Amino acid sequence: MTEIESHADAGSIESHPGLESSTVAPMAQMPNVVALGEGVAAADSTVEAGLELKVRSQWSYARDRFVRHRLAMASLIVLIFVFGVGAFANFVAPYSYSAIDLTNILHPPTTVGQHYFGTDEIGRDYFSRVIYGIRTSMEVGIFVAIVSSIIGLIIGAIAGYYGGWLDNLLMRVTDLVLTLPALAILLVASALLGAGNQWRVSLILALFFWTGLARIVRGIFLSLREKEYVEAAKAAGSHDIRIMFRHILPNTLGPVVVNGTLAVATAIITEAALSFLGFGIKPPTPSLGSLVVSGQSNPQKWWLTIFPGLTILLIVLCINFIGDGLRDALDPTQRRVRA
Amino acid sequence: MLTYITRRVLYSIPVLILSTFLSFTFVSLAGDPLGQLRLQRGMSPETLNNLKHQYHLDQPIPVRYWYWVQDVFLHKLGNSLVTLQPIWPDIQRTMGHTLQVVLTAELLALVLGVTVGIFSAIRQYSVFDYFFTSVSFLGLAMPVFWLALLLQVLFVDIYLKWNIRIFYTSGLNSPHGTAWSLDRLQHIALPVMTLCIISFALYSRYMRASMLDVLNTDYVRTARAKGLPEWRVVMGHVFRNALIPITTVAALNIGAVFGGAIITETIFTLDGIGYYFIGRLQALDIYAVMAYLLVTAVIIIVFNLIADILYGFLDPRIRYD
Amino acid sequence: MPEPILSIRNLVVEFKTEDGIVHAVDDITYDVFPGETLGIVGESGSGKSVSTLALLGLIPQPPGRIANGEAMFKGRDLLKLSKRDLRDFRGKEVAMIFQDPMTSLNPVLKVGFQLSEAIKTHFPKEKDDAIKARVIELLRLVGVPNPEQRYEQYPHEFSGGMRQRAMIAMSITNSPSILIADEPTTALDVTIQAQVLEVMKRVQAETDAATILITHDLGIVAEMCERVIVMYGGKIVEFGDVHTIFGKPRHPYTIGLMNSLPRLTEDEEWLQPIPGQPPSLINRPRGCAFHPRCFLAQGRPRCREEVPELRPIEGDQHGSACHFAEELRERPSRFAEPVGGAA
């Protein structure tokens, strides 16, 4: 954790790697000092017990606020557990996801043979399939979130920083993507590109998800590039890329993290919907969405519909809570009262 | 205001052109439009060649795009390459059905969502608030297709177990059903419920947040300091201000719901534009697919415009000239 | 001595927060006399605004709590009134002007409407035309040009100074007996500040209302106020009439405040701030809240352990909450005569 000075150091370009005080202007609106009964003496005052100052870093404040958000913490734990199960699917799942057992079809959940979630119409263990489905969803969600965040960040940064015709152009491109009915285009894309492969689907999704972040990042760059410390940096000879990275970019970390987290959820739901309609990830790669399809054809076998859907619901719910907690933690200036 | 609208419309046109052109190129490159026909028996190579020429399929893509654009304006979206029938009547019919479902769902969701949002904010931290906050969190996390499926399975189950038909789980009508009858209501009830629940979650959450934001403002404190009774403070000052962001959210959401209707219509096999689209997509019926994309793009643009206009209307600080 | 129009006794206001209980106002007692201008001075966080917000019941009660105290106004305890009765007082007998004119007016409603609303809510039987006429007249009184036009405009079409004037007009629509002005000029430019203060003086002359002027700006206090209360850390540390407070302050904090003012007629090299930081209202220092920063305390145990009482100094018009106030008697006064020209 970096220790950050208690006042913004305007125009400090020769900042040490650990003292990026000039880079966090919006976040520096948080009070950085806490008067405690006892503690470390402050750098400049000669005060005695009763009024000591303890300087803390921005991140420890953020971490504190997040931890206080009990729902977010609980969700984090649950999510780590669920994603852990998915990540170690090979070790956790009792069966492979394609192990067919025609003697045991459409069996309701039972502890016999470890078929906790029952079996599907050709005897595959549903519990294992759901677990592998979790892994797929996890991979898709994280991939889409990371890639779309990078794209959004780059485009937003360029548009916001340089302004002018470049900004116009990039924003028109953003509008274009926004105007297209996302689901429809995705369906068309996967129908025609013959998606079925998990990574292709993820890539297509990522190409659509960057617009929201691009707008936000652009806004931040637009407003911050007018600040004095950027002018000072320019005057001292820093070139653009350095300014963008060093000074402005760290201020976008808050929205990027929040947006990225929520993007994982949206990606998972969208991929599930696509797969459910048959236009997403195709068998044999498991997807929670396509698992639900077998539920549709066998409505009486409730477990086929319930378990994959419940899993999606659980994952997305947890991510939403975590996103909420992150938003509270990283943007305290928002006068938001917690839901 | 009029100039603003005109400017926005004019500006949307290049976007529309570009997006349709991209879609057209994409769609044309990826599939053989006559593929289905080729498979039909009794299709002689000559007929196919004639068709190819008739539909300009031997021309480069930009030219074909231009023909398509002409078709859109002059021939009402032209004919399908697969069925060889005009596309417009299908679009018209299915659009009407989709509108019926979507608008009902959204209107219901708005009214309920706004009301619940208001009360949740006024009675913050009450049981009412916690309950509906949980509901909205669930609603927002719920995959549309799963919710639709659950409802469908539930009511199929009820029918099978007790033989009463409360709501129909597929289709728009029983035979001889009409557009505005109880029968239709029973058929669209479940899809409407599906869409409504999710939109309700969105609206109630936003309304609550917006109300809370406004309740904490200085001007509400001023209103109280003047001696206004609390109900007047809420209805006269808080509500009006809190509603402003909701109109934007609603307008944008409704535009987007048309996309989500695809899933609902597929699950409940409703003869709506989304279902039509999926069918045509599976058949690789390019012109029909393009027609759908065009129509939905226009809807989204229109609703974005409505969102901005409404916002300018409600907030006197924004004046477009 | 005339009877006070408002008597506050032992007011305690607390806020429950995640970090602990904030003691915003800690046992305050003071009087307000009819027609006078009383200034309440203090830094941010001294509790000066909170004490008056409590009077009007404008403290949000979930985190906030009036733990103790009474506020007698015309024979009734404002702190114990029902919501309905409180509404009768707000905007009619007791009116408030807030600090930030930018955010204190509803942006989507016309200014004229908001002022009329203030009248209509207390006098619902009045005709709309009569109300509108009165509002226009008031706008004219506070110096808003073209009041008939301005009536139909929205707040964002007013400048900051004009908005504050409109706020002042709104507060006097029903001729209140007490006017509370919470830092009315802090958010304005200095030149506008002067104008707004002129307006306030004019309004005071017209209405004869008692005014509680809350500010951290000593210049305004000197110009506008007859009596002054100095607050620190949620408590009153000194009170008296303006000449005494400026000329013969008897509390180290007040002295520190006076010393920190730059003086135009002297040649100063360095400003003299009060060392240290304002106290945390959650973890207040033991004993006197000011002792960590006090030049008089000098580590004396009594300051560290015993909370000083507010006691009279040379007559009960002047009081100070310092154990060693007597030692300050012989200090040369920084101001031979008051800076402003308050009557």
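Residues numbered from 1 in each chain as written. Chains lettered and ligands numbered in written order. Predicted model: local features only at pLDDT ≥ 70, side-chain atom pairs only at ≥ 80, totals over all residues.

1. A word on the overall build of chain C
Part 1: When helices and strands are counted, chain C shows 11 helices and 12 strands.
Part 2: Counting only C-alpha atoms, chain C reaches 65 × 50 × 45 Å along its principal axes.
Part 3: Expressed as a percentage of the 343 residues in chain C, the buried residues total 47%.
Part 4: Contacts in chain C between residues at least 24 apart in sequence constitute 66% of all its contacts with a sequence separation of at least 6. (Helix = DSSP H or I, 4+ residues; strand = E, 2+ residues; numbered from the N terminus. Buried ≥ 20, exposed ≤ 12 C-beta atoms within 10 Å, placed from the backbone. Contact = placed C-beta atoms within 7 Å.)

2. What about the overall build of chain B?
Part 1: A count of helical and extended segments in chain B gives 12 helices and zero strands.
Part 2: Secondary structure of chain B in N-to-C order comes out as α-α-α-α-α-α-α-α-α-α-α-α.
Part 3: Once the C-alpha set of chain B is aligned to its principal axes, its extents read approximately 85 × 60 × 30 Å.
Part 4: Looking at chain B as a whole, 42% of its 321 residues qualify as buried.
Part 5: Pairs at least 24 residues apart make up 71% of the contacts formed inside chain B by residues separated by at least 6 positions.

3. Structural notes on the confidence of the model for chain C
Part 1: With 96% of its residues at a pLDDT of 70 or more, chain C has an overall mean of 87.
Part 2: Helix H7 (residues 190–207) of chain C is the least confidently modelled element of chain C, averaging 86 in pLDDT, while strand E3 (residues 37–41) of chain C averages 94, the highest of any element. (pLDDT = per-residue confidence, 0-100.)

4. Some details on the nonpolar core
Part 1: Ile268(A), Phe145(B), Val289(B) and Met290(B) are the most contacted members of the largest nonpolar core, which totals 161 residues.
Part 2: Dropping the residues within four chain positions of it, Ile268(A) is found in contact with Ser137(A), Val140(A), Gly141(A), Ile312(A), Ile315(A) and Val316(A). (Core = buried A, V, L, I, M, F, W, Y, C linked by C-beta atoms within 7 Å.)

5. Points about the interface of chain B and chain A
Part 1: Of the residues lining the interface, 38 residues belong to chain B; the matching set on chain A comes to 33 residues.
Part 2: Among the secondary structure elements, those contributing two or more residues to the side of chain B that touches chain A are helix H1 (2–30), helix H6 (127–141), helix H7 (144–162), helix H8 (182–215), helix H10 (230–267), helix H11 (273–282) and helix H12 (286–314) of chain B.
Part 3: Classifying every residue of the side of chain B that touches chain A by side-chain character gives 29 nonpolar, eight polar and one charged. (Nonpolar A, V, L, I, M, F, W, Y, C, P; charged D, E, K, R; others polar.)

6. Looking at the pairing of strand E8 (residues 210–215) of chain C
Each regular strand displays side chains that alternate between the two surfaces of the sheet.
All names here are of chain C.
Part 1: When you tally the buried positions in E8, you get six out of six residues, the bulk of the element.
Part 2: Of the two faces of E8, both are covered, the one formed by Ala210, Ile212 and Ile214 as well as the one formed by Thr211, Leu213 and Thr215.
Part 3: With five bridges connecting them, E3 and E8 associate as parallel partners. Within E8, the position partnered with Thr37 by the bridge is Thr211.
Part 4: Pairing between strand E7 (residues 178–182) and E8: five bridges, direction parallel. Pairing of Ile180 across the sheet is with Ile212, part of E8.
Part 5: Taking the sense of rotation as the criterion, the β-α-β connection linking E7, H7 and E8 turns out right-handed. (Pairing = 2+ DSSP bridges. Right-handed = clockwise from strand over helix to strand, strands pointing away.)

7. Comments concerning the sheet that holds strand E4 (residues 64–73) of chain C
Residues and elements named next belong to chain C.
Part 1: Taken together, four strands build an open sheet; the order of strands is E2-E1-E4-E5 and the sheet is antiparallel. Both edges of this open sheet fall to strand E2 (20–32) and strand E5 (76–77), since each of them pairs with a single strand only.
Part 2: When strand E1 (residues 6–17) meets E2, the two strands line up antiparallel, connected through 10 bridges. The residue of E2 that forms the bridge with Val13 is Val25.

8. Side note on the packing of H6(B) against H8(B)
Residues and elements named next belong to chain B.
Part 1: Following both chains from N to C, one finds H6 and H8 inclined at 125 degrees, their axes separated by 8 Å at the closest point. With respect to each other, H6 and H8 are oriented oblique. Judged by the sense of rotation from one axis to the other, the crossing of H6 with H8 is left-handed. Every residue of H8 that contacts H6 at Phe132, Val135, Ser136, Gly139 and Leu140 is listed here: Ile197, Ile198, Phe200, Ala201, Leu202, Ser204 and Arg205.
Part 2: Class assignment of the residues belonging to the contact of H6 with H8 gives a composition of eight nonpolar, three polar and one charged. (Axes fitted to C-alpha atoms, helices over the stretch in contact; angles between N-to-C directions. Parallel < 35°, antiparallel > 145°, perpendicular 65-115°, else oblique. Left-handed = near helix turned anticlockwise from the far one by under 90°.)

9. Some words on the pairing of strand E9 (residues 227–232) of chain C
Residue and element names in this part refer to chain C.
Part 1: Within E9, six of the six residues are buried, which leaves it mostly tucked inside the rest of the structure.
Part 2: Burial along E9 is two-sided: the face carrying Arg227, Ile229 and Met231 and the face carrying Val228, Val230 and Tyr232 are both buried.
Part 3: Strand direction decides the pairing type here: E3 and E9, joined by four bridges, are parallel. Along E9, the bridge assignment pairs Leu38 with Arg227.
Part 4: Relative to strand E10 (residues 235–241), E9 runs antiparallel, the two being bridged by six bridges. Bridging across to E10, Tyr232 finds its partner in Lys235.
Part 5: In sequence, E9 turns back onto E10 through a hairpin of two residues, with Gly233 there showing a positive phi of about 55 degrees.

10. Observations regarding the environment of Val264(A)
Residue and element names in this part refer to chain A.
Part 1: With respect to the helices and strands, the residue Val264 is situated in helix H11 (residues 253–277).
Part 2: The exposure class of Val264 is buried, given the 24 C-beta atoms found within 10 Å.
Part 3: Along the backbone, Val264 and Gly219 are 45 residues apart, and their C-alpha atoms lie at a distance of 22 Å.
Part 4: Setting aside its immediate chain neighbours within four residues, Val264 contacts Gly141, Ile142, Ala145 and Ile319.

11. Here's the deal with unusual backbone geometry
Part 1: You will see that Thr269(B), though not glycine, has its phi angle at about 40 degrees, which is positive.
Part 2: A positive phi angle, close to 50 degrees, is found at Ser175(C), a residue other than glycine.
Part 3: Along the chain, Ser175(C) turns up in the loop between helix H6 (160–172) and E7.

12. As for the interface of chain B and chain C
Part 1: The partner chain C presents 22 residues to the 17 residues of chain B that form the contact.
Part 2: Those elements giving two or more residues to the side of chain B that touches chain C turn out to be helix H9 (218–225) and H10 of chain B.
Part 3: Examining the composition of the side of chain B that touches chain C, we find that six residues originate from one element, H9(B), more than from any other.
Part 4: Classifying every residue of the side of chain B that touches chain C by side-chain character gives five nonpolar, five polar and seven charged.

13. Observations concerning the sheet that holds strand E6 (residues 94–97) of chain C
Residue and element names in this part refer to chain C.
Part 1: The mixed open sheet is built from eight strands, whose spatial order is E6-E7-E8-E3-E9-E10-E12-E11. Every other strand in the sheet has two partners, leaving E6 and strand E11 (311–312) as the edge strands with one partner each.
Part 2: Where E10 meets strand E12 (residues 319–320), two bridges bridge the pair, whose relative direction is antiparallel. Along E12, the bridge assignment pairs Glu238 with Ser320.

14. Things to note about helix H4 (residues 61–74) of chain B
Part 1: Across its 14 residues, H4(B) extends 20 Å between first and last C-alpha, which sits within 8% of the 20 Å expected from 1.5 Å per residue.
Part 2: Among the residues trailing H4(B), Lys76(B) stands out with phi positive, at a value near 50 degrees. (Expected span 1.5 Å × (residues − 1).)

15. With respect to the packing of helix H5 (residues 164–179) of chain A against helix H8 (residues 211–224) of chain A
All names here are of chain A.
Part 1: At a closest axis distance of 10 Å, the pairing of H5 and H8 adopts a crossing angle of 150 degrees. Crossing geometry of H5 relative to H8 is assigned as left-handed. Of the residues in H8, those touching H5 at Thr174, Val177 and Leu178 are Thr211, Ala214 and Arg215.
Part 2: Grouping the constituent residues of the contact of H5 with H8 by class yields three nonpolar, two polar and one charged.

16. Observations concerning the confidence of the model for chain B
Part 1: Residues at a pLDDT of 70 or more form 92% of chain B, whose mean pLDDT is 83.
Part 2: H9(B) holds the highest mean pLDDT among the elements of chain B, 92, whereas helix H2 (residues 35–39) of chain B holds the lowest, 63.

17. Considering H8(A)
Part 1: Helix length check: H8(A), at 14 residues, gives a terminal C-alpha distance of 20 Å against a target of 20 Å (1.5 Å per residue), a fit within 8%.
Part 2: Taken residue by residue, H8(A) has Thr211(A), Leu213(A), Ala214(A), Ile216(A), Val217(A), Arg218(A), Ile220(A), Phe221(A) and Leu224(A) as its buried positions.

18. Brief notes about the environment of Gly247(C)
Part 1: Here Gly247(C) lies in helix H9 (residues 242–247).
Part 2: Note: C-alpha distance between Gly247(C) and Met258(C) (11 residues apart in sequence) is 9.4 Å.

19. Considerations on the environment of Ala74(A)
Part 1: Structurally, Ala74(A) can be placed in helix H2 (residues 70–87).
Part 2: When the 14 C-beta atoms within 10 Å are taken as the criterion, Ala74(A) is described as partly exposed.

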